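Each chain, written out:
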Amino acid sequence: MRTRISGGVPVTGSPPDILPDLRSGTLGALTRAQLVGLCDVSGLSPADTETYAHTLVEALGPAAERSLALPPPTRTFLSDDHTPVEYSLSFSPGRAPALRVLVEPGCGADTRAENGRIGLDVVRAMGRRWDFSTERLDEIEDLFFPDRPKGPLALWIALELLPGGVPKVKVYLNPAASGAKRSAKTVRKALRRLGHKKAYAALPKADGHPFLALDLGHWETPRVKVYTRHLDLSATEAGNLSRTGSGPGPAEIQEFFRAAAATDDLDRRPGLSCHSFTERETGRPSGFTLHIPVRDYARDDKEVLDRAVDILRSHGMDPAPLVRSLPALTTRRPKDGVGLIAYLALVHQQGHPPRVTAYLSSEAYAVRPPTKLRHRSAAEV
Ligand code: TRP
């Protein structure tokens, strides 16, 4: 069935037909078509699909109109090829995967400060539109938006595209905004202000704090999430990172690590973990996620996809939507590049079954060629 999505771009139920044409168009048209394909994969209705496609294009602002023949609007580190959009599918047993989209609203800005201002404006406009409070963001705004912000990002927004046309909203902030050396302190201050006085002390030892994320909008239990970076992380060390006292134990985390990375040691791009905090009494985190940057530990996306399929199956999740998601993004063969699946993550949130999340790249600007050398031993030769 061929439907027409506003903006005059015809979008079919099978976007691959039109993807090659869109690659010579604009950033907005390509990412919209990719999102439409992914909405189909995750079972969203045509009405929700239209709402969310529109929301994404709107969040990109003027960058949506930018020709893909031009370089990316900024060298954002949101994705490897600097596309200011990334998708993810989060799998739970027995249901369709949840689709999310991460976007940098300020990607068209000339300065980091302006990038942050645009990001804040867009979050607040979403708050008015979907009737949620941005109070928790307001409380810590000064810590993350100094006059002359530093570091690799200003503000990213992730939307979880729920059925019904109203997404859940997450905001990603940069703890290094006042300098990388102050990151830990900034995270500690932010947690304290938000009433999580003991949370910082609960975190594992880390080699950096790349993000702090806030749930805004209509969440049952809104979280503050703190991301930690771990250089040279081994499977055994990863198994001992969780401070939740619930959820997957060391053996299950190690198994995930090895299945995703196909090595015992993340000696290239570092692994990340994330702890989420909800209640404020004990200081104990209620959630833990391990992120494996699979793209740096595989030859190509076929290899990554095979690993992801095995992981999903072993967790009792249907891998079919993941397999179908790749043709919604690109017509290239998985074997012909690496990075379409950027991260695989094992997610634990207290009271819920474990989830597996795959982060999916747009590749609007570039495809990373397959890695010649497969494993560490080979890479070191
Ligand atoms: N591209 C960045 C990185 O690789 C940031 C990022 C985007 C990220 N999506 C992510 C980090 C998902 C962890 C998980 O680090």
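Quick look at the structure, then. (Residues numbered from 1 in each chain as written. Predicted model: local features only at pLDDT ≥ 70, side-chain atom pairs only at ≥ 80, totals over all residues. Heavy atoms only, no water.)

Around the ligand, the neighbouring residues are F77, L78, S79, E86, W156, F211, L272, H291, R295, Y343 and Y359. Between E86 and the ligand, the recorded distance is 2.6 Å, taken from a side-chain N or O atom to a nitrogen atom. One of the side-chain nitrogen or oxygen atoms of R295 is found 2.6 Å away from an oxygen atom of the ligand. Within the complex, 92% of the 350 Å² of free accessible area of the ligand lies under protein. Cavity membership is defined here by more than half of the atoms lying within 2 Å of grid points; on that basis the ligand lies in the second largest pocket. Tallied by class, residues from the shell around the ligand come to 7 nonpolar, 2 polar and 2 charged. (Near = heavy atom within 4 Å. Polar contact = N/O pair within 3.5 Å; in protein donor to acceptor, adjacent residues only side chain to side chain. Areas by Shrake-Rupley, 256 points an atom, 1.4 Å probe, with all protein chains shown as cover. 1 Å grid on protein atoms, 1.4 Å probe; cavity = no way out; pocket = protein on both sides within 12 Å on 5 of 7 lines; lining within 4 Å. Sits in = over half its atoms within 2 Å of the grid points. Nonpolar A, V, L, I, M, F, W, Y, C, P; charged D, E, K, R; others polar.)

Inspection of the secondary structure puts D301 in helix α10 (residues 301–314). As for D301 and L326, which are separated by 25 residues in sequence, their C-alpha atoms are 9.7 Å apart. With residues up to four places along the chain from it excluded, the contact list for D301 reads R332, P334, G337, V338, G339, L340, I341 and E363. Within the structure, the side chain of D301 is placed 3.0 Å from the backbone nitrogen of G339, a separation counted as a polar contact. (Helix = DSSP H or I, 4+ residues; strand = E, 2+ residues; numbered from the N terminus. Contact = heavy atoms within 4.5 Å.)

Attention now goes to the pairing of strand β5 (residues 155–160). When you tally the buried positions in β5, you get 6 out of 6 residues, the bulk of the element. Along β5, one buried face is formed by L155, I157 and L159 and the opposite face, lined by W156, A158 and E160, is buried too. Relative to β5, strand β4 (residues 98–103) runs antiparallel, the two being bridged by 4 bridges. Bridge pairing in β5 links V103 to I157. Both β5 and strand β6 (residues 168–173) contribute to a ladder of 6 bridges, which runs antiparallel. Of the residues in β6, the one forming a bridge with W156 is Y172. (Buried < 20%, exposed > 50% of the residue type's maximum accessible area, 1.4 Å probe, protein only. Pairing = 2+ DSSP bridges.)

With that out of the way, let us pick up unusual backbone geometry. Positive phi, close to 60 degrees, is recorded for D131, a residue that is not glycine. Position of D131 among the secondary structure elements: in the loop between α4 (112–130) and α5 (135–144). Given the relative accessible area of 62%, D131 is considered exposed. Positive phi, close to 55 degrees, is recorded for A262, a residue that is not glycine. Relative to the helices and strands, A262 is located in the loop between α9 (250–261) and β10 (265–266).

Turning our eyes to something else, we now look at the sheet that holds strand β3 (residues 85–91). One closed barrel accounts for 10 strands, arranged β3-β4-β5-β6-β7-β8-β11-β12-β13-β14; its pairing is antiparallel. The sheet shows a mean angle of 20 degrees between the axes of neighbouring strands, taken without regard to direction. Strands in contact with α5 are β6, β7 (212–216) and β8 (224–230); relative to β7, the strand with the most contacts, it is inclined by about 160 degrees. (Axes fitted to C-alpha atoms, helices over the stretch in contact; angles between N-to-C directions.)

Under the definition given, this model contains 7 aromatic pairs. Relative to W156, the ring of F77 has its centre 5.4 Å away and its plane inclined at 40 degrees; by these criteria the two rings are tilted. Of this pair, F77 sits in the loop between α3 (46–60) and β3 while W156 is found in strand β5, placing the two residues 79 residues apart along the sequence. Classification of W156 as buried rests on a relative accessible area of 3%. Judged by centre distance (6.1 Å) and plane angle (15 degrees), the rings of F77 and F211 are stacked. Remark: F211 occurs in the loop between α7 (199–202) and β7 and F77 occurs in the loop between α3 and β3; sequence separation between them is 134 residues. (Phe/Tyr/Trp six-rings, centres within 6.5 Å; stacked < 30°, edge-to-face > 60°.)

Think of two packed helices as two axes; the pair is described by the angle between the axes and how far apart they sit. Contact geometry for helix α2 (residues 27–41) and helix α11 (residues 320–329): axes closest at 8 Å, N-to-C directions at 160 degrees. The angle between the axes of α2 and α11 places the two elements in the roughly antiparallel class. The handedness of the crossing between α2 and α11 comes out as right-handed. For the pair α2 and α11, the contacting residues are Q34, G37, L38, D40 and V41 in the first and P321, R324, S325, A328 and L329 in the second. Among the residues forming the contact of α2 with α11, the class breakdown is 5 nonpolar, 3 polar and 2 charged. (Parallel < 35°, antiparallel > 145°, perpendicular 65-115°, else oblique. Left-handed = near helix turned anticlockwise from the far one by under 90°.)

Here the structure, examined in full by the defined rule, presents 21 salt bridges. Between R124 and E141 there is a salt bridge, and its shortest N-O distance comes to 2.6 Å. Remark: E141 occurs in helix α5 and R124 occurs in helix α4; sequence separation between them is 17 residues. Look at E141 and you get partly exposed, because its relative accessible area is 25%. With a shortest N-O distance of 2.9 Å, D296 and R269 are connected by a salt bridge. One end of the pair, D296, is in the loop between β12 (287–292) and α10; the other, R269, is in the loop between β10 and β11 (271–277), and 27 residues separate them in sequence. Looking at D296, the relative accessible area reads 13%, which means it is buried. (Salt bridge = Lys/Arg side-chain N within 4 Å of Asp/Glu carboxyl O.)

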